[in-house]
Amino acid sequence: MGFIWFWLVAVMIVGYVVLDGFDLGVGVLHLFLVRNESERQAVLRSIGPVWDGNEVWLLAGGGTLYFAFPWLYASAFSGFYLPLMIVLWLLVLRGVSLELRNHIDVGVWRTLLDGLFGIASTLLTIFYGAALANVIRGVPLRADGYFFLPLWTNWQPGPQPGILDWYTVIGGLVALVALTLHGALWLSIKVSGDIELRARRIVNPLWSALLGLTIVSLIATVAVRPQMLQNYYHYPFTFIVTVGVVASLVAIRVWNQSGQPVKAFLASCAFLFFMLAGACWGLYPTLLPATTSSSLDITLDRAISGHHTLAVGLVWWLFGMALAVAYVVFVYVRFRGKAELSH
Amino acid sequence: MSAEIIHRLHFAFTVTFHYLFPQLTMGLALLIVVLKTVALRTGSPDWDRASHFWGRIFGINFVFGVVTGIPMEFEFGTNWARFARLSGGVIGQPLAMEGVFSFFLESAFLGLFLYGGSRLSKRMHWFSAVMVFLGSWLSGFFIIVTDAWMQHPVAYAEVSGHYEVLSFWQLLLNPWGLFQYMHNMTGAVITGSFVMAAVGAFYLLEDRNRQFAQIFLKTSVVTGLIASMVIIFPTGDLHGKYVAHHQPAAMAGMEGVFKSETGASLVLMGQPNEETGEIDNPIVVNDVLSFLIYGTTKAEVTGLDRIPHDQWPTALPLLFYSYHIMAGLGTWFVLLMMVSAFLLWRGKLFSTHGVLWALLLSFPLPYIANTAGWMTAELGRQPWLIYGLMRTSAGYSSMVSAGNGLFTLLGFMGLYALLGLLFTVLMYREIDQGLEPRPAAAEPVHSAGM
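Residues numbered from 1 in each chain as written. Chains lettered and ligands numbered in written order. Predicted model: local features only at pLDDT ≥ 70, side-chain atom pairs only at ≥ 80, totals over all residues.

Caption draft 1: Main features of the overall build of chain B. A tally of regular secondary structure across chain B gives 13 helices and 8 strands. What you see for chain B is a C-alpha radius of gyration of 23 Å, in line with the 22 Å of a compact globule of 450 residues. For the C-alpha atoms alone, the extent of chain B along its principal axes is close to 70 × 60 × 40 Å. Long-range pairs, those at least 24 residues apart, make up 75% of the contacts in chain B with a sequence separation of at least 6. (Helix = DSSP H or I, 4+ residues; strand = E, 2+ residues; numbered from the N terminus. Rg over C-alpha atoms; globule rule 2.2 N^0.38 Å. Contact = placed C-beta atoms within 7 Å.)

In structure tokens form, the structure reads like this:
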């Protein structure tokens, strides 16, 4: 049961990153990619009907985490208090500025709101990457199972780290570049004209940056937390995840060059999936490692809810998520095709 | 201030602000279905345009509800970690179900409803409205189930220091939750009706959009009259009796009953004085409270004197005022809607300016009543976080100091002040724009480099 719920929560996180990832990426990109108002409207219209549905994955994932692993939820959310509050504020600002700009047609206000939307999107991608890196690096858990992290200490991933250190900053940059690339690929599917060309052209430099950062981050991860490789050595066939990472990266490049944006976008989804699944597998069965002593790790067995809770949960979860996926597919099919430039 | 107080204010402030939006969207969702259904059955383009107008209002409120709702789910963990760890096995369940069952439904079909008009058939468009309604009402249900478990814990067992669900269906069908759900959703319909009526009255007083204003008023006065009666009887009545039975301290605080008595009198107004244990300046009606709770004027009502002082509701006067404000406004809603419905029936509502003014000015009142109702429920539960099981003082995050909590509380206050301002501007624009076709979107020209 623990194994199943570990991966169900992982699925929710991957779902969130893959889906909200592209609209965050579009938020970053539109800051410097669009040249006029009609292009900007087309770009924003490409995410208009779906962005709030994408954010639902965050809520549903948070709720699932809460009931499957209450201790992890309690400890991590109170321990990451300050950065989480900043994330919440950014989510509020981002959602409202996107909504508002569609209702206000005064140029200066729109420019201000667009800037806010772009900056909030950028900071969110960095925070998400840093958050994952924090989980991999571990946190200074105390004997009572709680911790509280300052924003930074000496920028070293030691036993008393901060939210930000050199390792988590790398994580933030990987997420920024990966999701911006993801957004560029989405745009090359959803918009047309000059803006589509620019979106496709920007893929190449982003891709090179992502390749470099991916290599650096994998090396850094092994350096910061060598235990991440244990499961892989134990089950060597799972190194297939690294093959998946490399293959999907190559596929993004190839399919983008050959003008097959849908395939390139799906390859980018696969890349995000392999990166996240690889990290989860490296951690398993630890949910949140302790930098203080590995005996204080929050592990699957210690944090999981009772059997009955989870058995009942499995029934409605599978049923509910099947419905949810059906809605999501339905909406994406209904809105398939290019978002029109406004007349 | 102590960390406990700050964490309580933190949750109370963010959830109160948040609930301003869902109470309208849940109420409007029903009204939009009514408008869409009439449009579909009669083929009337006016009713269809009316539903589009309210769809836009719904959309804005939905976005504000989403962005202020995300912090709510996080705050269980960030500010109430000890509570979350203890109770996640139980209330994590309805919270996760809300995300899985209602948010996906609501957001997917709202996207279709708002953006898909030209891509959908009429029937499909109507169907999206129904699904949005279903999603938003399900969402309310799961939240009420969560709160109901904190008010009246059922179907749980303590396993190695935390709570687990014993019966999934008993948790979902907690009687407390069912009463509270009916009462609460009726409250949301009242908010929706009063807002729709106010916009209709505004247009008639301004003498524009007349045919739409009449549609708004017909729909909202009929719905509003039904809802404002149902909220008192049976939903309020049932809920109140259940509270009196299971939370006598809350009921005593709400009604200001310091001394147990048979033939207890109902306090219409007054100020509870905790020091003397009396109501100052009371206006009372003899025997009525006993009758309302037990159906006979002779029954005994438990007063605070029978309840140990450390189990008294912690903010007694606030509880008393909240409850009385809610009940007083509820009376006004029935009166106003009865008069409006009578005039509507006689064909005079659209020209009776006095009543139109009253409808226009009354739109904030359901927001106040709903807020006061929730304050009654949550203050009445104090000093318990989970009634009888966990005290509020044992539930907040021990790792988050008072200073950090105050910092983020002030942050939210500033941010939400800004949101409130922006929301007001948006609503003003939408209502001012009315139902005239939009002027060809005036595109500002930014031509950097093109």
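Read on, since the account is not over.
Caption draft 2: The overall build of chain A, seen in detail. Across its full length, chain A holds 13 helices and 2 strands. Structurally, chain A occupies a C-alpha span of about 65 × 40 × 35 Å along its principal axes. Burial statistics for chain A: of 343 residues in total, 55% are counted as buried. Contacts in chain A between residues far apart in sequence, at least 24 positions, make up 75% of those at least 6 positions apart. (Buried ≥ 20, exposed ≤ 12 C-beta atoms within 10 Å, placed from the backbone.)

Caption draft 3: Representation of the packing of helix α1 (residues 3-42) of chain B against helix α13 (residues 402-433) of chain B in the model. Residue and element names in this part refer to chain B. As a packed pair, α1 and α13 sit with axes 9 Å apart at the nearest point and diverge in direction by 20 degrees. Taken together, the axes of α1 and α13 lie roughly parallel to each other. Helix-helix and strand crossings are classified by hand; for α1 and α13 the assignment is left-handed. Along the contact surface, α1 presents Ala3, Ile6, His7, Leu9, His10, Phe13, Thr14 and Phe17, while α13 presents Ala402, Gly405, Leu406, Thr408, Leu409, Phe412, Met413 and Tyr416. Per-class residue counts for the contact of α1 with α13 are 11 nonpolar, 5 polar and no charged. (Axes fitted to C-alpha atoms, helices over the stretch in contact; angles between N-to-C directions. Parallel < 35°, antiparallel > 145°, perpendicular 65-115°, else oblique. Left-handed = near helix turned anticlockwise from the far one by under 90°. Nonpolar A, V, L, I, M, F, W, Y, C, P; charged D, E, K, R; others polar.)

Caption draft 4: Expanded view of the confidence of the model for chain A. A residue-level look at chain A finds 99% of positions with pLDDT of 70 or above and a mean pLDDT of 90. Within chain A, helix α12 (residues 300-303) of chain A has the poorest average pLDDT of any element, 86, and helix α7 (residues 166-190) of chain A the best, 94. (pLDDT = per-residue confidence, 0-100.)

Caption draft 5: Highlighting the pairing of strand β2 (residues 162-165) of chain B. All names here are of chain B. Sheet topology note: the strand β1 (residues 156-159)/β2 ladder contains 4 bridges and is antiparallel. By the bridge assignment, Glu158 is partnered in β2 with Tyr163. Connecting β1 to the next strand, β2, in antiparallel fashion are 2 residues, including Ser160 with a positive phi near 35 degrees. (Pairing = 2+ DSSP bridges.)

Caption draft 6: Quick peek at the packing of helix α8 (residues 194-224) of chain A against helix α10 (residues 240-257) of chain A. All names here are of chain A. At a minimum axis separation of 10 Å, α8 and α10 run at an interaxial angle of 165 degrees. Classified by the angle between their axes, α8 and α10 sit roughly antiparallel to one another. α8 and α10 meet at a crossing whose hand is left-handed. Here α8 contributes Arg200, Val203, Trp207, Leu211 and Thr214 to the contact with α10, which in turn contributes Val245, Leu249, Ile252, Arg253 and Asn256. For the contact of α8 with α10, a count of residues per class yields 6 nonpolar, 2 polar and 2 charged.

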